[in-house]
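Take a look at the letters that make up each chain.
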Amino acid sequence: MADKRFFVIDFDSTFTKVEALDILSDILYEGTDKKVEVGKKIKDLTDQAMAGELSFREALEQRLALLDATKKDVEQLSGELKLLVSESVKRNRSFFTNEKDNVLIVSSGFKDFITPVVKDFGIKEENIYANTFTYNDKDEVTGFDASNPLSEHKGKVKLMKELALEGEVLVIGDGYTDYEIREAGLAKTFFAFTENIKREKVLAKADVEANSFEEILHSIKHPMATSFPKSKIKVLLLENVHQDAKLKLEQEGYQVELLGGALDEDELCEKIKGVHILGIRSKTILTRKVVEAADRLMLVGAFCIGTNQIDLKACTDHGVSVFNAPFSNTRSVVEMAIGEIILLMRQIPKRMRQMDRKEWSKSANGSFEVRGKKLGIIGYGNIGSQLSVLAEMLGMDVYYYDVVEKLALGNATKLSSLDELLATCDVVSLHVDGRPSNKKFFTGEHINKMKKGAVLVNLARGPVVELDALQIALETGHLSGAAIDVFPVEPKNNNDTFDAPLSNIDNLILTPHIGGSTLEAQENIADFVPGKMIEYVNTGSSFNSVNFPNVQLPRLENGHRLLHIHRNKSGILAQMNNVFAKHGCNILGQYLKTNEEIGYVITDIDQSYQPELLEDMRAIEDTIKFRILY
Ligand SMILES: NC(=O)C1=CN([C@@H]2O[C@H](COP(=O)(O)OP(=O)(O)OC[C@H]3O[C@@H](n4cnc5c(N)ncnc54)[C@H](O)[C@@H]3O)[C@@H](O)[C@H]2O)C=CC1
Ligand SMILES: O=C(O)CCC(=O)C(=O)O
């Protein structure tokens, strides 16, 4: 029995985010003048008791005297508290179920509202120690059972003495009364739980500060701990990615900082220090210098499709996995392309400018329907092919050209040469990716090969099109219009000014790289990319990674997972397996994938192994990164 371990957990501001009596006061006085006044009094009394400045019994009596509650109010309170369970407690629900024999809720709150909340987590009713209300025959709260030790000053100490638990006792709470258990020698460790509130006086007495449940599990090397406490994982999000991303990552327990714009190389070299996860959009240029300045970076999330702004090779060399959102804004780009094609064919930008100049030009000259016109799509990937489908629905004849073999959707016609497409189509829409060889891919020569009066749309990448040549083609009337959303040089953020490289053209649409800027797209991205980040951190799964060998992994159940990233040289797997053999280690599962540059080996092993095994794994030559999940 002596090696049994008990977790003695406080309820208010620990199991839940809040003090229950504060919420009860809100329920009782919602919409009345008393709400603020009573709320403040209750809060002050709670704080004084929690900081050890007022005897607990006195604080309890005074607080209850302020609250005219009934059984129904208490039931409503339970319901609200269920929604206010601490985030890290929610994340570790399975811990409570697995440890149900060893988890005790010891609270100076009331069983009446605590039991329904904690029972949902599998905590046994007989392990819930708290006060109980007394009621009159109208179900009104009249007070509390004064014979319960928990209603007394130093009540938790008294209760713990009575329980006389045999084994190691860990106390987890935010208040001085929790510390008192440790002070009385009835617990081995007091964890000051600071996820919801930090009380300096309590913190000063703590053996360990834990601002999440994961930190506790990690610090005691609990088998259900994640290898690195999530609350220590730092995430830096740039370029105003959608708030939902921040929330999702915070709910996972990470520390998240979100900045409005992009940072330049030097700023980023500074800011990246200590960052484990970086999130960017298209404006942040992630150079090798930045990757090398990063001392903790394990993954980068591009909250967009394009990854040309990222030095993928540098990331791979340093074992940094890169994820993007390959489909989340596809539809938004396609809708914008369709809209622009129609506007250009109808000469709407020109008419709008004329109206601005107070000119009335009611004329059909140069204005066409898109129905029956030939659309040429260059780059028939996710965007190009979806544009193909929607354009056909508008009655356009679609032609496409791609450097790789692509299935024609609907009635689209694949062309085997770019020249043929340029000579055929009334509208040319560029949807190639931003690979280096696509810089200046669409030259003046290509523009000149387009049909006279055709229009050009570029929603791909700025450097793809030679803009000087486009300016001339528009000025001379060789092209009748153009829509450009992306530019060779774009401002870092919305406060910077922008000198448009094309000017004095009437039938021209210039937009500030907003092809993917719809709320739907940004919300989709803010769900998808953080999901990938969390999966990689939790399971090691690199599925959909842009630069890592793609491995899809199950969640780890009863073992430890070793993730080994190494330069792709022969014999590494053999060396790893020699290490496992040397340490007599039982392998539960092993996954290996390589690409040209790196190998990624994931090995699940039994939980019992010698710590030297980890040293030996790290010492394998050509290891880039090694981490353990448990
Ligand atoms: N304006 C905006 O806000 C947005 C712009 N984009 C840009 O659109 C690009 C395309 O996106 P997806 O369709 O999702 O990418 P994708 O990778 O699915 O498709 C790109 C296609 O272009 C083809 N390609 C590449 N170079 C080519 C060339 N020189 N000639 C012919 N075909 C070529 C590829 O083989 C591929 O099929 C992204 O890489 C990004 O740069 C994406 C989203 C939003
Ligand atoms: O909206 C953004 O930040 C970039 C959109 C884009 O160009 C992309 O997804 O590749």
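Named according to an unreviewed UniProt entry, the protein chain is D-3-phosphoglycerate dehydrogenase originating from Flammeovirga pectinis. As its UniProt record puts it under Sequence similarities (unreviewed entry), the protein chain is described as follows: "Belongs to the D-isomer specific 2-hydroxyacid dehydrogenase family."

Undergrad: Tell me about the sheet that holds strand 20 (residues 508-510), and please be specific about residues and values.
TA: Within a sheet, each strand pairs with its neighbour through backbone hydrogen bonds, oriented either parallel or antiparallel. Within the open sheet, the seven strands sit side by side as 16-15-14-17-18-19-20. Their pairing is parallel. Two strands in the sheet have a free side with no partner beyond their single neighbour: strand 16 (413-414) and strand 20. Bridge count between strand 18 (residues 454-458) and strand 19 (residues 479-484): five bridges; the pairing is parallel. In the strand pairing of strand 19, A454 is matched with L479. Against the sheet, helix 22 (residues 467-475) makes contact with strand 18, strand 19 and strand 20, and its axis sits at roughly 140° relative to strand 19, the strand it touches most.

Undergrad: Talk me through the domain arrangement of the protein chain; I want residue IDs and the actual numbers.
TA: By domain assignment, the protein chain separates into domain 1 (5-220), domain 2 (233-323), domain 3 (335-510) and domain 4 (551-628). Between the C-alpha centres of domain 2 and domain 3 there is a distance of 32 Å. Contacts between domain 2 and domain 3 engage ten residues on the former and seven residues on the latter. Together, the buried faces of domain 2 and domain 3 total about 630 Å²; carbon and sulfur atoms form 49% of this surface. Summed over the three residues of domain 2 that lose the most area to domain 3, namely A262, K283 and N308, the buried surface amounts to 59% of that side. Our enumeration of links across domain 2 and domain 3 arrives at two salt bridges. Here K492 ties to E267 by a salt bridge, and the two come within 3.4 Å at their closest N and O atoms. At the junction of domain 2 with domain 3, the criterion picks out four residue pairs in polar contact (both at pLDDT 80 or more).

Undergrad: Tell me what's going on with the pattern of salt bridges, and back it up with residues and numbers.
TA: Tallied over the entire structure, the rule returns 50 salt bridges. Put simply, D622 and R567 hold a salt bridge, and the shortest N to O gap is 3.2 Å. Of this pair, D622 sits in the loop between helix 25 (612-618) and strand 24 (623-629) while R567 sits in strand 21 (residues 560-567), and the two are 55 residues apart along the sequence. The exposure class of D622 is buried, given its relative accessible area of 15%. Residue R567 is classed as partly exposed on the basis of its relative accessible area, which comes to 37%. Where salt bridges share partners, they join E19, K43, D47, D174 and R199 into one cluster.

Undergrad: Please give an account of the site of ligand 1 that cites residues and values.
TA: Near ligand 1 there are 27 residues, and of these N382, I383, D402, N438 and D485 occur at the shortest range. Between ligand 1 and N438, the relevant distance is 2.8 Å, taken from a nitrogen atom to a side-chain nitrogen or oxygen of the residue. Interatomic distance of 2.9 Å between a side-chain N/O atom of D485 and a nitrogen atom of ligand 1. Its free accessible area being 860 Å², ligand 1 has 91% of it covered by the protein chains. For the shell around ligand 1, the class distribution of residues is twelve nonpolar, nine polar and six charged.

Undergrad: Summarise the environment of N382; cite the residues concerned and give the values.
TA: Relative to the elements of secondary structure, N382 occurs in helix 19 (residues 382-393). Expressed as a C-alpha distance, the spacing of N382 and K313, which sit 69 residues apart in the sequence, is 24 Å. If we ignore the near neighbours within four places in the chain, the residues touching N382 are P326, F327 and T330.

Undergrad: I'd like a rundown of the UniProt feature "domain: ACT" (unreviewed entry) in the protein chain, residues and numbers included.
TA: Under the UniProt annotation, "domain: ACT" (unreviewed entry) lies at residues 561-630. Across residues 561-630, helical content stands at 26% and strand content at 43%; the span's end C-alpha atoms are separated by 6 Å.

Undergrad: So what's going on with the site of ligand 2? Residues and values would help.
TA: Inspection of the region around ligand 2 gives R281, S282, C304, I305, G306, N329, R461 and H513 as its neighbouring residues. With the chains in place, 91% of the 300 Å² that ligand 2 exposes on its own is no longer accessible. A breakdown of the residues in the shell around ligand 2 according to their chemical character gives two nonpolar, four polar and two charged.

Undergrad: Now, about the side chain of T603: what can you tell me, with residues and values included?
TA: Inspection of the secondary structure assignment puts T603 in strand 23 (residues 598-605). Residue classification places T603 among the buried positions, given a relative accessible area of 0%. Reaching out from T603, the side chain makes a polar contact with the side chain of Q590 at a distance of 3.1 Å. Filtering out sequence-adjacent residues up to four positions away, T603 remains in contact with H560, R561, L562, M576, F580, I587, G589 and Q590.

Cut-offs applied
- Residues numbered from 1 in each chain as written.
- Chains lettered and ligands numbered in written order.
- Predicted model: local features only at pLDDT ≥ 70, side-chain atom pairs only at ≥ 80, totals over all residues.
- Heavy atoms only, no water.
- UniProt positions renumbered as here; feature names shortened; annotations may be inferred.
- Pairing = 2+ DSSP bridges.
- Helix = DSSP H or I, 4+ residues; strand = E, 2+ residues; numbered from the N terminus.
- Contact = heavy atoms within 4.5 Å.
- Axes fitted to C-alpha atoms, helices over the stretch in contact; angles between N-to-C directions.
- Domains from an automatic or database assignment.
- Buried area = accessible area lost by both parts, 1.4 Å probe.
- Salt bridge = Lys/Arg side-chain N within 4 Å of Asp/Glu carboxyl O.
- Polar contact = N/O pair within 3.5 Å; in protein donor to acceptor, adjacent residues only side chain to side chain.
- Buried < 20%, exposed > 50% of the residue type's maximum accessible area, 1.4 Å probe, protein only.
- Near = heavy atom within 4 Å.
- Areas by Shrake-Rupley, 256 points an atom, 1.4 Å probe, with all protein chains shown as cover.
- Nonpolar A, V, L, I, M, F, W, Y, C, P; charged D, E, K, R; others polar.

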